[in-house]
Protein chains: 4
Amino acid sequence: MRYVNVITASVAAVLVSTGAISQEIDIPRDVQSQVTEVWEPIPAEVDAPDGAIPSDAIALFDGENLDAWESANGGPAEWTVEDGVLSVARGTGDIITSEGFCDIQLHMEWRVSEDTEGYDGQDRGNSGVKIQDRYEVQILDSIDNPTYVNGQAASIYKQHAPLVNASRAPGEWQTYDIIFEAPIFGENGSVRKPAYMTVLHNGVVVQNHAQVQGTTAWVGYPTYTEHGCDPIRLQDHNADVDFRNIWVRPL
Amino acid sequence: MRYVNVITASVAAVLVSTGAISQEIDIPRDVQSQVTEVWEPIPAEVDAPDGAIPSDAIALFDGENLDAWESANGGPAEWTVEDGVLSVARGTGDIITSEGFCDIQLHMEWRVSEDTEGYDGQDRGNSGVKIQDRYEVQILDSIDNPTYVNGQAASIYKQHAPLVNASRAPGEWQTYDIIFEAPIFGENGSVRKPAYMTVLHNGVVVQNHAQVQGTTAWVGYPTYTEHGCDPIRLQDHNADVDFRNIWVRPL
Amino acid sequence: MRYVNVITASVAAVLVSTGAISQEIDIPRDVQSQVTEVWEPIPAEVDAPDGAIPSDAIALFDGENLDAWESANGGPAEWTVEDGVLSVARGTGDIITSEGFCDIQLHMEWRVSEDTEGYDGQDRGNSGVKIQDRYEVQILDSIDNPTYVNGQAASIYKQHAPLVNASRAPGEWQTYDIIFEAPIFGENGSVRKPAYMTVLHNGVVVQNHAQVQGTTAWVGYPTYTEHGCDPIRLQDHNADVDFRNIWVRPL
Amino acid sequence: MRYVNVITASVAAVLVSTGAISQEIDIPRDVQSQVTEVWEPIPAEVDAPDGAIPSDAIALFDGENLDAWESANGGPAEWTVEDGVLSVARGTGDIITSEGFCDIQLHMEWRVSEDTEGYDGQDRGNSGVKIQDRYEVQILDSIDNPTYVNGQAASIYKQHAPLVNASRAPGEWQTYDIIFEAPIFGENGSVRKPAYMTVLHNGVVVQNHAQVQGTTAWVGYPTYTEHGCDPIRLQDHNADVDFRNIWVRPL
């Protein structure tokens, strides 16, 4: 049971008129407003200066070395680092981060070779970033290069075509800013929450909280198989692709 | 059109082994892979050069004038434009865009005054961007300035505190990149889909597809009231706040 | 600016201690509680007696006739009605409702023939309910009848296997209770909101707000094509399947 | 395992025309269709006979005793069991299940007293089911009994009014069928996934995958505090309310 004490007469009746609410409460609105204030927990402070990586980010490649990476085939990563640029060493295989990740914000820059003569479709500038070693955002030269749209640059491979094609020309640096929500599995391997991805390609929204249907698959309908916080993989897909400025913020 | 070579009778059985799928199909995997290709519709091309606004964006303020804006009180917008910067003219009221918007990507840059002496909490650098004239992302000086966390900079006002505080110091330019999904109403005013917001503050994810509970309200629990594609509003909250580089892409 | 008047001393300070909130407000909690009350709009009253259809539901088949249905091939529906039961007339084709629907709650009861000898997999008791003429919940005899799991009873065909197999034996009546959120399209045919389905099979949750990826497709990856509030379709898939007690509530 | 007949060299080209897909593949469509079949994992079988509880459900009250319950104040539950009905013993306090639950399907039946004279609003037939000891679906006599709509029967208390009022008269048994997705927390207490609820009241959808904003709170804006798989609580809110047939299926 709830009895409402009448507040002293010195406070005027005020009609709450926000949207669909309709009642009289005998206290000033600025006092009422305090009821819906939340004071804790206080969000952690992140230093995010212009042109630098956020203070809580982990640098995966800052131009110096491949310390954060391994070869997906085992052993050290064999891609090349030169002039602050990380480049696919064709034939050496994919590289994966030593560390695993779940929910993340990922920033990366990539560039496909200008020398595209003789290469078309999926053969032109193909690479990809596979988050948790499974969920691929496609990297491809998608300027004047017809292919299936759920396999062009910035697609979630074979699941979601990008909303628009924000590609830059081969030879130019391009950016991906990815917000990734990892899938969450139940005790029996059931999917309690599927994965979601939001992607900005060169600053343009191309995937907006797209629901991932499972491991991105070349063949067949995608499905989920239980896993943990797995590494990020960059693909050696037999094409010349460069990378720089890769960092990740666990969310 | 893509023609695939006719399969010869000699093709070997191939086991599909992606995730949980398990069956044998007697055709090569590269043919099977074509089944899940999608070729249309082809995403529109957007030119997104580094340091310029995307080719499909509408400039709301590009440093020149207030042509895209009106006073929320009626008549022309009375805020000031000087040296490429738009500034609140305190006491002249909010400004709203002449055009209305539904689903959008919004970019904007803002700066609160360095002269904060004597102002604290909600009184220090307060402004806000109200999308569809209703759903506010708070603007505030949130450096060393305790207030309720669901009312600090980058909060969805009185609904969602930011995941982290990525604020820069007063006097420095800060950015908001907002992906906004407008609410969608049914015939009888019911909510078929609530609004959602993703916000990057200075490049850092601070709201990730947060579900908006209704018009952001100072008092009371937020609720929805049916509306259309309404304007963007910038708040004159009796504080000195500057803006620049405001553009929007309808999604 | 917001000044909080000090409330008279006769009201004790009360610490708000719900979850993460922490502040003192000098008014009684039962007054504070009124701030988050919402009084309008008042939900419509629906009479929902035990064993009868809700007062706001539309009966699509109540045992009497096929008035709500047409043949998908044009002309009147040619399925049979006998003893309050609607039965597939094999070879006459699918039937569709005359009326179209968007967001709905759908109740239906179905029964596959006991005479299953010689029929297996997709050939045993196959039918289906296609909401908006596109999004199929599979009907099949799924007792001791191996088939692909994203094609068994209560699957969203070729997209989502049911969480569990709650099938009853052939010859027994089974129920589907379906909550369907229609996809919502933008001006250019873009998907502003995909479709979602929740399904209870014989009272057991088998699909929980599953995101539909597009028109359910026998071949290829599902995709969306813009459409309006289209009819419900029941499939003549060359099997003996009965129906009764079909009603729908527009949401 | 499924073996498919080897394709002969004579198969005709077939145009894939589902939705937006457009390409020619030189294999029969019934072979193409196999590519998107998923055969594993096979959903568990649940026996769901008419009028009985599903075989994988846990009976929380089947008319016999209070073995599944404790007093929220410690010690054994002190409510009464008579003629297969569980009744609030006013003044003895809430009862909670001994077992905790996360994602669940919950069925329960409840009845408020016919003797409502002198009781109005929140004082008439008030009880509630708090899932995970926090997220309350309101129980109230909501026939001719005005109160705030986000506090009437079938509301998610102080967060979501029901879509419609499907209440039955006092003295009649009413049902709740609830699909509850528990919130999932990150290492630092962050919310990786908020809670969601779908509720059918007397068979009518009244909450459709409503996003829960935090612990349902009498005062203030709801917020989340990290917790595990906590018990279900039934409220002694100083009113005569009966219960029967309560069961739960972990999802």
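Quantities reported herein were computed from a predicted structural model and do not represent experimental measurements.

*Asks:* Just checking my understanding: could you explain the overall build of chain A for this structure?
*Replies:* Each helix and strand counted, chain A has one helix and 19 strands in total. For 251 residues, the compact-globule formula gives about 18 Å, and the C-alpha radius of gyration of chain A, at 24 Å, lies well above that figure. Overall size of chain A, expressed as C-alpha extent along the three principal axes, is 85 × 40 × 40 Å. For chain A, the residues scored as buried account for 63% of the 251 residues in total. For chain A, the computed accessible surface area is about 9700 Å², with 46% contributed by carbon and sulfur atoms. When the 14 basic and 38 acidic side-chain charges of chain A are each reduced to a single mean position, those positions are 7 Å apart.

*Asks:* When you look at the relation of the copies chain D and chain C in this model, what are you seeing that I'm missing?
*Replies:* Comparison of the two chain copies shows a relationship of rotation about an axis with a shift along it. When chain D is fitted onto chain C, the two copies agree to an RMSD of 0.0 Å after a turn of 180° and an axial shift of 0.0 Å. On the angle and the small slide along the axis, the relation comes out as a two-fold axis. Ranked by how close their C-alpha atoms come to the rotation axis, the residues of chain D are headed by D:H209, at 3.5 Å. When the interface residues of chain D are mapped onto chain C, 100% of them are again interface residues, pointing to one common binding face.

*Asks:* Quick question: what am I supposed to make of the domain arrangement of chain A here?
*Replies:* We note that the domain assignment places domain 1 (2–36) and domain 2 (58–250) within chain A. Placing a centre on the C-alpha atoms of domain 1 of chain A and another on those of domain 2 of chain A gives a separation of 54 Å.

*Asks:* Before we go on, may I ask you to explain the interface of chain D and chain C in this structure?
*Replies:* A common way to express how large an interface is: the accessible area buried when the components associate. Contact residues are listed per partner, giving 58 residues for chain D and 58 residues for chain C. Between chain D and chain C lies a buried interface of about 4800 Å² when both sides are counted; carbon and sulfur atoms form 61% of it. On the surface where chain D and chain C come into contact, there are 25 residue pairs in polar contact (both at pLDDT 80 or more). Put simply, the parts of the chain that give the side of chain D that touches chain C at least two residues each are α1 (29–32), β3 (44–45), β12 (164–165), β13 (174–181), β16 (196–201), β17 (204–211) and β19 (241–250) of chain D. Looking at the side of chain D that touches chain C, its residues break down into 29 nonpolar, 19 polar and ten charged.

*Asks:* Would you mind showing me how to read the state of the cysteines here?
*Replies:* Joining two cysteines, a disulfide is a covalent bond between their sulfur atoms. All names here are of chain A. If you walk through the whole model with that rule in mind, you get four disulfides over all chains. Each sulfur of the disulfide joining C102 and C229 lies 1.9 Å from the other. Its S-S torsion of about -90° marks the bond between C102 and C229 as left-handed, since a negative value means left-handed. Of this pair, C102 sits in the loop between β8 (95–97) and β9 (104–112) while C229 sits in the loop between β17 (204–211) and β18 (233–234), and the two are 127 residues apart along the sequence. Of the residues examined, C102 reaches a relative accessible area of 19% and is grouped as buried.

*Asks:* What is the right way to read the sheet that holds strand β8 (residues 95–97) of chain D from this model?
*Replies:* Sheets are built from strands that pair by backbone hydrogen bonding, the pairs being arranged parallel or antiparallel. Residue and element names in this part refer to chain D. Within the open sheet, the five strands sit side by side as β5-β8-β18-β10-β11. Their pairing is antiparallel. If you trace the sheet from one side to the other, it starts and ends with β5 (69–71) and β11 (135–139), each paired once. Examined bridge by bridge, β8 and strand β18 (residues 233–234) share two bridges and lie antiparallel to one another. In the strand pairing of β18, I95 is matched with L234.

*Asks:* Just to check I follow, could you spell out the pattern of salt bridges for this structure?
*Replies:* Pairing of side chains with opposite charge becomes possible as their charged atoms draw close. A complete count under the given rule lists 44 salt bridges over all chains for this structure. One salt bridge in this structure joins A:D133 and A:R233, with 2.5 Å as the shortest N-O distance. Of the two residues, A:D133 sits in the loop between β10 (127–131) and β11 (135–139) while A:R233 sits in strand β18, which places them 100 residues apart along the sequence. On the accessibility criterion, A:D133 (25% relative accessible area) is partly exposed. Measuring nitrogen to oxygen at the nearest pair gives 3.4 Å for the salt bridge that ties D:R90 to D:D240. Taken as a pair, D:R90 in the loop between β7 (85–87) and β8 and D:D240 in the loop between β18 and β19 lie far apart in primary sequence, 150 residues in all. We classify D:R90 as partly exposed; its relative accessible area is 36%. Each member of the salt-bridge network shares a partner with another, and the members are A:D94, A:D133 and A:R233.

*Asks:* Looking at this model, I keep getting lost on the side chain of C:S127. Mind explaining?
*Replies:* Within the element layout of this structure, C:S127 appears in strand β10 (residues 127–131). Those residues in contact with C:S127 that lie beyond four places of it in its chain are C:E136, C:Q138, C:I139, C:Q235, C:H237, C:V241 and C:F243.

*Asks:* Quick question: what am I supposed to make of unusual backbone geometry here?
*Replies:* Peptide bonds are, in most cases, trans, and in most cases residues other than glycine have a negative phi. Here the residue pair C:E40 and C:P41 is connected by a cis peptide bond, since its omega of -5° sits within 30 degrees of zero. Unusually for a residue other than glycine, B:H209 sits at a positive phi of about 50°. Inspection of the secondary structure puts B:H209 in strand β17 (residues 204–211). A relative accessible area of 15% means that B:H209 is categorised as buried. Even without being glycine, C:K158 reaches a positive phi, approximately 65°. Turning to its location among the elements, C:K158 is positioned in the loop between β11 (135–139) and β12 (164–165). Among the residues examined, C:K158 registers a relative accessible area of 2% and is labelled buried.

*Asks:* Hey, could you run me through the sheet that holds β10(A) in this one?
*Replies:* One open sheet holds the five strands; their spatial order is β5-β8-β18-β10-β11 (chain A), and the pairing between them is antiparallel. Of all the strands in the sheet, just β5 (69–71) and β11 of chain A have a single pairing partner and so form its edges.

*Asks:* Can you walk me through the environment of A:V149 in this structure?
*Replies:* Secondary-structure assignment places A:V149 in the loop between β11 and β12 (164–165). Sequence spacing of A:V149 and A:N165 is 16 residues, and the spatial spacing of their C-alpha atoms is 9.6 Å.

*Asks:* I keep staring at the packing of aromatic side chains and nothing clicks. Help me out?
*Replies:* Here a ring pair, both rings aromatic, is described through the centre-centre distance and the interplanar angle of the planes. Applying the stated criterion to the full structure yields 30 aromatic pairs over all chains. Taken together, the ring pairs in this structure connect A:Y135, A:F180, A:F185 and A:Y224 into an aromatic cluster. Looking at B:K158, its charged tip hangs above the ring of B:Y148, at a distance of 5.4 Å from the centre.

*Asks:* Would you mind going over the pairing of strand β11 (residues 135–139) of chain B with me for this structure?
*Replies:* Note on strand geometry: in a regular strand, side chains alternate between the two faces of the sheet. Residue and element names in this part refer to chain B. Most of β11 is tucked away: five of the five residues are buried. A two-sided burial pattern is seen for β11, the buried positions comprising Y135, V137 and I139 on one face and E136 and Q138 on the other. Alignment of strand β10 (residues 127–131) against β11, held across five bridges, turns out to be antiparallel. The partner of I131 across the bridge, within β11, is Y135.

*Asks:* Sorry if this is basic, but what is going on with the side chain of D:Q211 here?
*Replies:* Note that D:Q211 resides in strand β17. Residue contacts for D:Q211: discarding those within four places in its chain leaves B:Q211, B:Q213, D:Q159, D:H160, D:P194, D:A195 and D:Y196.

*Asks:* Looking at this structure, I do not really get the environment of A:W39. What am I missing?
*Replies:* Residue and element names in this part refer to chain A. Inspection of the secondary structure assignment puts W39 in the loop between α1 (29–32) and β3 (44–45). Assessed through its relative accessible area of 28%, W39 is described here as partly exposed. In terms of polar contacts, W39 uses its side chain to reach the side chain of E37, at 3.1 Å.

Cut-off values and rules
Residues numbered from 1 in each chain as written. Chains lettered and ligands numbered in written order. Predicted model: local features only at pLDDT ≥ 70, side-chain atom pairs only at ≥ 80, totals over all residues. Heavy atoms only, no water. Helix = DSSP H or I, 4+ residues; strand = E, 2+ residues; numbered from the N terminus. Rg over C-alpha atoms; globule rule 2.2 N^0.38 Å. Buried < 20%, exposed > 50% of the residue type's maximum accessible area, 1.4 Å probe, protein only. Areas by Shrake-Rupley, 256 points an atom, 1.4 Å probe, with all protein chains shown as cover. Lys, Arg positive; Asp, Glu negative; His and termini not counted. Charge placed at Lys NZ, Arg CZ, Asp CG, Glu CD. Least-squares fit on C-alpha atoms with pLDDT ≥ 70 in both. Contact = heavy atoms within 4.5 Å. Domains from an automatic or database assignment. Buried area = accessible area lost by both parts, 1.4 Å probe. Polar contact = N/O pair within 3.5 Å; in protein donor to acceptor, adjacent residues only side chain to side chain. Nonpolar A, V, L, I, M, F, W, Y, C, P; charged D, E, K, R; others polar. Disulfide = S-S within 2.5 Å. Pairing = 2+ DSSP bridges. Salt bridge = Lys/Arg side-chain N within 4 Å of Asp/Glu carboxyl O. Phe/Tyr/Trp six-rings, centres within 6.5 Å; stacked < 30°, edge-to-face > 60°. Lys NZ or Arg CZ within 6 Å of the ring centre and 35° of its normal.

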